[in-house]
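# Structure at a glance
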Amino acid sequence: MSLNQKTNSESQLSAINQNVFFKEFTFSKNDFKIEDKSELELADNLVWLDDKCFIYQTKEMNQSSSNYENWFKSKVLKKAVKQIKDTLNYLDVHHSIIIENEKGHILNVSEARKCENIKKIIIYDPNDDFPEKLRLRKFYESSEVGNIHLFHMEDYFHICKYLITPSEVSEYLDFREDFFEFYKDGANRVHEQYLLGHFFETPNVDHFNAEYIKNLKDQHIKKLDFDISGLIENFKNAIINSGFESETHYYPIIKAIAQLKRSELIEFKKRISAAIEKCEKFEFITPYKFYSMRTDCAFVFIPLHSKNINNAVVALGNLTYAIKYDNKASKALGVVVYRNPENVEKIETAWMFIEEDFVFDENMEKALKDNYPFRESIHKEIKNPYK
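Everything in this summary refers to the structure shown in the same document. (Residues numbered from 1 in each chain as written. Predicted model: local features only at pLDDT ≥ 70, side-chain atom pairs only at ≥ 80, totals over all residues. Heavy atoms only, no water.)

### Concerning the pattern of salt bridges
Pairs can form between side chains of opposite charge whenever their charged atoms are close. Overall, the coordinates contain 23 salt bridges when judged by the stated rule. Here Glu-277 ties to Lys-281 by a salt bridge, and the two come within 3.6 Å at their closest N and O atoms. Given the relative accessible area of 53%, Lys-281 is considered exposed. Across the pair Glu-283 and Lys-307 runs a salt bridge, and its minimum N-O distance is 3.3 Å. (Salt bridge = Lys/Arg side-chain N within 4 Å of Asp/Glu carboxyl O. Buried < 20%, exposed > 50% of the residue type's maximum accessible area, 1.4 Å probe, protein only.)

### As for the environment of Asp-129
Position of Asp-129 relative to the elements: it lies in the loop between strand S8 (119–125) and helix H3 (132–135). The exposure class assigned to Asp-129 is exposed, which follows from its relative accessible area of 53%. A polar contact of 2.2 Å, which involves the side chain of Asp-129, links it to the side chain of Tyr-68. (Helix = DSSP H or I, 4+ residues; strand = E, 2+ residues; numbered from the N terminus. Polar contact = N/O pair within 3.5 Å; in protein donor to acceptor, adjacent residues only side chain to side chain.)

### Some words on the nonpolar core
With 34 residues, the main nonpolar core has Tyr-56, Tyr-156 and Leu-196 as its most contacted residues. Going through the elements one at a time, helix H1 (8–21), strand S5 (52–60), S8, helix H4 (153–162), helix H5 (166–182) and helix H7 (192–201) are the ones with two or more residues in this core. For this core, the leading source of residues is H5, giving 6 residues. In contact with Leu-196, other than residues within four places in its own chain, are His-158, Ile-159, Tyr-162, Leu-163, Tyr-172 and Leu-216. Core analysis: the second largest hydrophobic core is formed by 33 residues, Phe-32, Ile-34, Leu-46 and Leu-77 among them. (Core = buried A, V, L, I, M, F, W, Y, C linked by side-chain atoms within 4.5 Å. Contact = heavy atoms within 4.5 Å.)

### Looking at unusual backbone geometry
Not every positive phi belongs to a glycine, and Asp-296 is a case in point at roughly 55°. You can see Asp-296 is positioned in the loop between strand S11 (288–292) and strand S12 (297–303). The class of Asp-296 is partly exposed, set by a relative accessible area of 22%. Of note, Lys-328 is a non-glycine position whose phi angle comes to about 50°, a positive value. By the secondary structure assignment, Lys-328 is in the loop between helix H11 (312–326) and strand S13 (331–340).

### Quick word on the sheet that holds strand S10 (residues 146–152)
In space, the 6 strands of this open sheet follow the order S1-S4-S5-S8-S10-S9, with mixed pairing throughout. With one partner strand each, in any of the chains shown, strand S1 (26–27) and strand S9 (139–142) form the two edges of the open sheet. As judged from the 2 bridges shared by S1 and strand S4 (residues 45–49), these two strands associate in the antiparallel manner. Bridge assignment links Phe-27 to a residue of S4, and that residue is Leu-46. Its contacts with the sheet put helix H2 (residues 68–93) on S5, S8, S9 and S10, and the angle it makes with S5 is roughly 150°. (Pairing = 2+ DSSP bridges. Axes fitted to C-alpha atoms, helices over the stretch in contact; angles between N-to-C directions.)

### A word on the sheet that holds S11
Taken together, 4 strands build an open sheet; the order of strands is S11-S12-S13-S14 and the sheet is mixed. For this open sheet the edge positions go to S11 and strand S14 (343–355), each flanked by a neighbour on one side alone. Mean inter-strand twist for the sheet, computed between neighbouring axes without regard to direction, equals 15°. Here 10 bridges tie S13 to S14, and the two strands are oriented antiparallel to one another. Bridge assignment links Lys-331 to a residue of S14, and that residue is Glu-355.

### A few points about empty space enclosed by the protein
One pass over the full model with this rule turns up 2 cavities of 30 Å³ or more. In this structure, the largest cavity occupies an estimated 60 Å³ of space. Taken together, Tyr-124, Arg-135, Leu-136, Arg-137, Lys-138, Leu-150, Phe-151, His-152, Asp-155, Arg-176, His-191 and Glu-192 form the lining of the largest cavity. Of all the elements, S10 adds the most residues to the lining of the largest cavity, at 3 residues. Classifying every residue of the lining of the largest cavity by side-chain character gives 4 nonpolar, 2 polar and 6 charged. What the second largest cavity holds in volume is close to 30 Å³. (1 Å grid on protein atoms, 1.4 Å probe; cavity = no way out; pocket = protein on both sides within 12 Å on 5 of 7 lines; lining within 4 Å. Points joined across faces, edges and corners; volume = space filled by probe spheres on them. Nonpolar A, V, L, I, M, F, W, Y, C, P; charged D, E, K, R; others polar.)

Right, dumping it as structure tokens:
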């Protein structure tokens with residue numbers, strides 16, 4: 001089916017993935033033309049974020065269908081599997097795959113083939129009385145492309161209510177496959193909710209504990225600690241960086257945040273919330289910071305009094321470079337937070353992203369030593385970010 005005629009399940013999957021992965025990295029209009037001008041089609045949904053790529057194929061059961069075994073074999077295990085394989089082949093063969101993301105931006109996704117561990121996922125939406133034995137099947141094992149995840153649409157929607165970043169979804173899919181490889185028969189006897197609860201408890205897959213499903217109980221409450229969706233809207237008009245001039249100039253900002261895990265998002269939210277709270281209370285507040293060793297990105301949050309907004313661009317540039325240098329990082333994300341002088345109830349932000357190799361700077365060394373501009377951070381070991 002052409003993606004100009006989306007099924008309900010294709011539309012539903014697209015909506016779910018936009019929420020978890022951001023519209024900027026989600027593609028569902030996947031018809032593309034090749035050199036001879038003929039048209040091909042990628043899988044129903046593709047998500048690509050730097051080193052992470054997820055390929056999705058959906059199958060929706062006609063309400064008049066009643067032979068579930070035949071439908072599952074022919075539509076899910078044969079046709080959808082073939083479409084996944086075709087997509088992987090297209091990525092390998094074609095060096096120009098120009099498609100539109102959910103923001104309406106045209107991008108070449110062929111570079112996604114360089115991702116080391118492309119996630120292959122089939123999501124199916126059957127009738128209500130679909131047999132549980134089929135629903136519990138977790139994978140299709142392919143000698144050509146490896147394991148392909150199988151999800152009932154309800155189960156995929158359920159896990160995306162709990163896993164709120166691309167990093168977490170990727171980590172869960174790795175865990176799911178590890179569990180399956182260790183205990184194939186057992187994996188096909190437990191519900192998806194159990195696997196998710198086990199994942200929240202421990203990445204170790206060498207045991208089963210029915211109590212782990214209780215870990216889902218308070219996850220929605222915990223989400224308040226790391227949900228930053230309300231704090232990072234309207235990026236496009238708030239980013240200052242002369243190096244980005246295209247309509248996608250703000251993508252590096254989104255990427256830096258999308259790659260964080262919940263323990264890092266908690267630190268992000270604490271600091272940007274503190275900057276918002278205090279920016280108008282004092283004429284000068286020492287900036288907040290943290291560093292993600294995992295992504296090699298330093299972050300700085302700069303509260304600025306509305307009297308000083310003329311200094312916003314200079315402060316943002318200087319302190320973003322300084323936090324990057326201080327951590328000897330390859331990347332840095334800075335944000336200035338201030339209140340609108342004409343309406344102090346309104347929060348304004350300006351963002352900057354820098355990515356470049358670390359180079360020794362004698363002047364910066366001296367400046368940081370003589371007048372260190374950041375708050376000291378307390379580093380604590382986080383053994384399990386989901387507990």
